[in-house]
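# A look at the structure
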Amino acid sequence: MKLPRAFALVLMIGLLSTHGWAQQNSDDGSIHVWPVHGNVYLLVGAGSNITLSVGKDGVLMVDSGQAQMSDKVIAAIQEFTRQRDPNGPALPVRYIINTSVDADHTGGNQKIAESSLFKPLEGGEMIIAHDNVLAGMADAPEKAKPTHTYETEQYKLNRFFNGEGVQVIHMPAAHTDGDSIVWFRFSDVISTGDLFTDSYPIIDLEKGGSIQGLLEALNRIIDLVFPEFRVQGGTMLIPGHGRISDLTDLAYYRDMVTIVRDRVQDMVKRGMTLDQVKAAKLTADFDPIYGKRPGFSDRFVEAVYRSLNQKH
Ligand SMILES: [Zn+2]
């Protein structure tokens, strides 16, 4: 679902410096904040999508963007939360939830946690992630690491925040072994992290990802999402990268992943090598939609191939 530009609240922070952060992302260097639904906003331009819950209790962030973007992210949150009262103070950031260990999702943790904007609630959690995210950040600076982790199937924030329950659900062995989705139960928005993006998924086998786990995760998210009748809408989804989406977008993505998996599986059964599978251009019909980032198609097919071979 695309929000019409005129309908959206846009915040632009000009590109003041060129610290080489742009190599791997197609962002234009500006931070934009878009309303999604209820308390929830999408901050784009930080390397990965950042979800914001904004309200009387302060700000909750899902993911923190790339490290190089932290100053701009902090400035954008200050600017945005002041818009309600231009002379008032910016709203404090109370929580960060990381959807995976990836540097474009956890890179801002340290700077944001060290900034004056970060004021956790008394007795509240600070940086929340699945246990495997903390395990994967062993070498990270102390301030960047999750302070509250969970090993169970799901984790509930220890209090209502901005008038709603916030539920963190682990999706095992999908993009990595530490993926979480975050469900805002009243706003009816789900942040999916990199389980769902605007490109072919990255299945990081070294970090415990698998094609089967990814498909299970996509199907579980689909189970949580309600459609609007015959039009765009319903439960809103914030992918790890790319635009605000709904059930139709997610179902199409799940179908694409399933179809590519089936094609690769067929060639695996016929004993084809990885080179033969790659040469068959199995994603050609989906490339105009999901193949815009260089190398993503080959990397996806290779990961599916290796993941399927791991199982046998
Ligand atoms: Zn990402």
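Anyway, here's the lowdown on the structure attached to this text.

About the cut-offs
- Residues numbered from 1 in each chain as written.
- Predicted model: local features only at pLDDT ≥ 70, side-chain atom pairs only at ≥ 80, totals over all residues.
- Heavy atoms only, no water.
- Helix = DSSP H or I, 4+ residues; strand = E, 2+ residues; numbered from the N terminus.
- Expected span 1.5 Å × (residues − 1).
- Buried < 20%, exposed > 50% of the residue type's maximum accessible area, 1.4 Å probe, protein only.
- Donors = N, O, S within 2.8 Å, 3.2 Å for Na, K, Ca; no water.
- Tetrahedral: all angles 85-135°; square planar, octahedral: opposite > 155°, others 65-115°.
- 1 Å grid on protein atoms, 1.4 Å probe; cavity = no way out; pocket = protein on both sides within 12 Å on 5 of 7 lines; lining within 4 Å.
- Points joined across faces, edges and corners; volume = space filled by probe spheres on them.
- Nonpolar A, V, L, I, M, F, W, Y, C, P; charged D, E, K, R; others polar.
- Axes fitted to C-alpha atoms, helices over the stretch in contact; angles between N-to-C directions.
- Parallel < 35°, antiparallel > 145°, perpendicular 65-115°, else oblique.
- Left-handed = near helix turned anticlockwise from the far one by under 90°.
- Contact = heavy atoms within 4.5 Å.

Between its first and last C-alpha, helix α5 (residues 211-224) extends 20 Å over 14 residues, near the 20 Å set by a 1.5 Å rise per residue. Burial in α5 covers these residues: I211, G213, L214, L215, A217, L218, I221 and I222.

We now examine the coordination of the zinc ion. Surrounding the zinc ion are the protein donor atoms D104 (OD), H105 (NE2), D194 (OD) and H241 (NE2), which sit 2.1 to 2.6 Å from the metal. Considering all four donor atoms around the zinc ion, angles at the metal cover 82 to 150° and the coordination shape is irregular. All donors of the zinc ion belong to a single chain; written as a sequence motif, their spacing is D-H-x88-D-x46-H. Here D194 lies in the loop between β11 (189-193) and α5 and H105 lies in helix α2 (residues 103-106), a separation of 89 residues in the sequence. The exposure class assigned to H105 is buried, which follows from its relative accessible area of 0%. The class for D194 is buried, based on a relative accessible area of 9%.

Another aspect to go through is empty space enclosed by the protein. Evaluation of the coordinates by the stated rule reveals one cavity of 30 Å³ or more. Its volume calculated, the largest cavity comes out at about 50 Å³. For the largest cavity, the full set of lining residues is N49, T51, V62, D63, T99, H105, S191, G193, I238, P239 and G240. Of all the secondary-structure elements, those providing two or more residues to the lining of the largest cavity are β11 and β12 (236-239). Grouping the amino acids of the lining of the largest cavity by side-chain chemistry returns three nonpolar, seven polar and one charged.

This brings us to the packing of α5 against helix α6 (residues 247-269). Running from N to C, α5 and α6 cross one another at 155°; their axes reach a closest spacing of 10 Å. Classified by the interaxial angle, the pair formed by α5 and α6 is roughly antiparallel. Between α5 and α6 the crossing geometry is left-handed. Across from I211, Q212, L214, L215, L218, N219, I221 and I222 in α5, the residues of α6 making contact are L247, L250, A251, Y253, R254, V257, T258 and R261.

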